[in-house]
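One-letter residues, chain by chain:
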Amino acid sequence: MASSALGVILAVLASLIITANALVAIALLRLIQKSGSKGLYFVLNLAIADAMVGFTVVGLVMDEFSEPFHPPQTFCILRMAFVTSSSAASILSLILVACDRHLAIRKPFHYFQLVTGLRVGVRLVGLWLVAAIIGFLPVLTPCFQKVSTNGKCSFFGVFHPTYMLTVFCVGFFPALFLFIYLYCDMLKIASVHVQHIQEVEHAGLAGGCPPSHTTSDMKAMRTVAVLIGCFTLSWLPFFIASIVQTVCTECFPYKVIENYLWLLGLCNSLLNPLLYSYWQKDVRLQLSQLTAGVKRRVLLHLGCRFPGRGTKSLPTVSCLRLQD
């Protein structure tokens with residue numbers, strides 16, 4: 001019963017993660033085509049990485065509903081390595097998004113010269129290489145593997161607790177401190193901008209012009225702050241419990257970490273597209289236009305198939321417009 005409930009939760013979570021990130025990715029592609037902003041590729045990569053997390057969870061859902069299922073040890077290690085790589089890519093993508101916003105605030109006049117297509121491509125390729133190394137480290141290093149007597153593939157069933165200690169010290173802990181440093185530096189830069197604008201207004205030189213640059217700085221800081229907060233709340237309990245589990249094997253049962261805290265970390269892949277689409281006006285606009293376009297096509301399709309129903313204007317619409 002508990003296994004079926006966990007399978008249902010994983011299935012719903014995977015479906016929501018894939019759907020939300022796919023919609024945001026489509027909206028970002030449309031926005032990139034219109035604006036040509038290279039920095040949006042980092043956000044697009046975040047949506048792709050989060051969607052891959054959802055696809056890897058689908059395999060775990062199949063395991064939960066395939067009882068009895070006794071896969072070989074190598075199969076479980078590879079499956080969980082893909083899950084870990086996708087999660088690592090999501091976290092690294094958050095770092096790139098924060099670094100990109102930090103660069104836009106620190107060097108606004110040189111941002112477009114610094115963020116070129118080649119540099120963005122090199123960073124994204126490096127990101128996926130690092131994520132693959134983190135995820136497949138237990139495959140390359142047998143000492144991080146664990147012989148499991150459990151039939152199902154599980155995180156702590158195939159990975160040794162020392163692997164979590166390594167990931168925490170090398171990946172999560174530096175990422176968290178980098179997030180904090182970037183946000184504090186952005187706060188410092190924004191405060192300097194605000195002070196400069198106040199001095200100009202006090203001198204009577206503002207001329208009634210709105211502080212557009214400072215407004216964009218505050219929006220960028222707000223987005224980064226929300227992403228950092230959700231990242232910390234989602235993954236910090238899992239990593240802390242995993243570290244405690246490494247030191248004291250009897251302090252935390254594995255089922256609590258895998259069934260609850262790990263699910264909380266996976267929820268970060270669902271929160272990222274929801275929060276970014278909520279806080280970013282351009283993404284919301286693209287999503288609304290996409291929804292309106294789909295709705296219009298559905299109404300035209302229904303008007304062509306069922307003339308005489310609905311509004312009077314639908315039967316007069318040519319079905320050839322639908323092909324255009």
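Residues numbered from 1 in each chain as written. Predicted model: local features only at pLDDT ≥ 70, side-chain atom pairs only at ≥ 80, totals over all residues. Heavy atoms only, no water.

Cut-off, in case you're wondering: UniProt positions are given in the numbering used here, feature names are shortened, and annotations may be inferred rather than shown by experiment.
The name given to the protein in an unreviewed UniProt entry is G protein-coupled receptor 119, with the source organism recorded as Bubo bubo. According to the UniProt record, the Sequence similarities (unreviewed entry) comment for the protein is "Belongs to the G-protein coupled receptor 1 family." The Subcellular location (unreviewed entry) comment attached to the protein in UniProt states, word for word, "Cell membrane".

**Re the packing of aromatic side chains**
In plain terms, the rule: For Phe, Tyr and Trp, where Trp contributes only its six-membered ring, two rings pair if their centres lie within 6.5 Å, and the inter-plane angle classes them as stacked under 30 degrees, edge-to-face over 60, or tilted in between. Helical segments are the DSSP runs of H or I of at least four residues, strand segments are the runs of E of at least two, and each set is numbered from the N terminus. Think of it in three bands: with a 1.4 Å probe and only protein chains considered, a residue is buried below 20% of the maximum accessible area for its type, exposed above 50%, and partly exposed in between.
Enumeration over the complete set of coordinates arrives at 11 aromatic pairs. Ring centres 5.8 Å apart and planes at 70 degrees place the aromatic pair Trp235 and Phe238 in the edge-to-face group. Here Phe238 and Trp235 lie together in helix α9 (residues 212-247), a separation of 3 residues that amounts to about one turn. Accessibility expressed as a relative area gives 6% for Trp235, which makes it buried. On the basis of an interplanar angle of 55 degrees and a centroid distance of 6.0 Å, the ring pair of Trp235 and Phe239 is categorised as tilted. Linking Trp235 with Phe239, this pair stays in helix α9, spanning 4 residues, or about one helical turn. An identical accessibility class is assigned to Trp235 and Phe239; each is buried. Put simply, the rings of Phe172, Phe179, Phe231, Trp235, Phe238 and Phe239 touch in pairs and so form one group of aromatic residues.

**Describing the nonpolar core**
In plain terms, the rule: The term nonpolar core refers to a set of buried residues drawn from Ala, Val, Leu, Ile, Met, Phe, Trp, Tyr and Cys, joined through side-chain atoms within 4.5 Å. Contacts are residue-level and defined by heavy atoms, with any inter-residue pair within 4.5 Å sufficient.
Core analysis: the largest hydrophobic core is formed by 82 residues, its most contacted members being Phe155, Phe231, Trp235, Phe238 and Phe239. A total of 16 residues in this core trace back to one element, the largest contributor, which is helix α3 (residues 73-106). Leave out the neighbours within four places in its chain, and Trp235 touches Ser87, Ile91, Phe172, Trp262, Gly265, Leu266 and Asn268.

**Focus: the packing of α3 against helix α5 (residues 117-135)**
Pairs of packed helices are described in terms of their axes, by the angle between the two and the distance that separates them. Test applied: An axis is simply a line fitted to the C-alpha atoms; with a helix, the fit covers only the stretch in contact. Between two such axes, the angle follows the N-to-C directions and lies from 0 to 180 degrees. Oblique is the label for every angle not falling under 35 degrees (roughly parallel), over 145 degrees (roughly antiparallel), or within 65 to 115 degrees (roughly perpendicular). For a crossing to be left-handed, the near helix must be turned anticlockwise from the far one by less than a right angle; the clockwise case is right-handed. Under the scheme applied, nonpolar residues are Ala, Val, Leu, Ile, Met, Phe, Trp, Tyr, Cys and Pro; charged residues are Asp, Glu, Lys and Arg; polar residues are all the others, including Gly.
Packing of α3 against α5 leaves a shortest axis separation of 8 Å and a crossing angle of 140 degrees. One finds that α3 runs oblique with respect to α5. In this structure, the crossing between α3 and α5 has a hand that is right-handed. Only Arg123, Leu124, Leu127, Trp128, Val130, Ala131, Ala132, Ile134 and Gly135 of α5 make contact with α3, whose side of the interface consists of Ala81, Thr84, Ser85, Ala88, Ala89, Leu92, Ser93 and Leu96. Partitioned by chemical class, the residues of the contact of α3 with α5 number 12 nonpolar, 4 polar and 1 charged.

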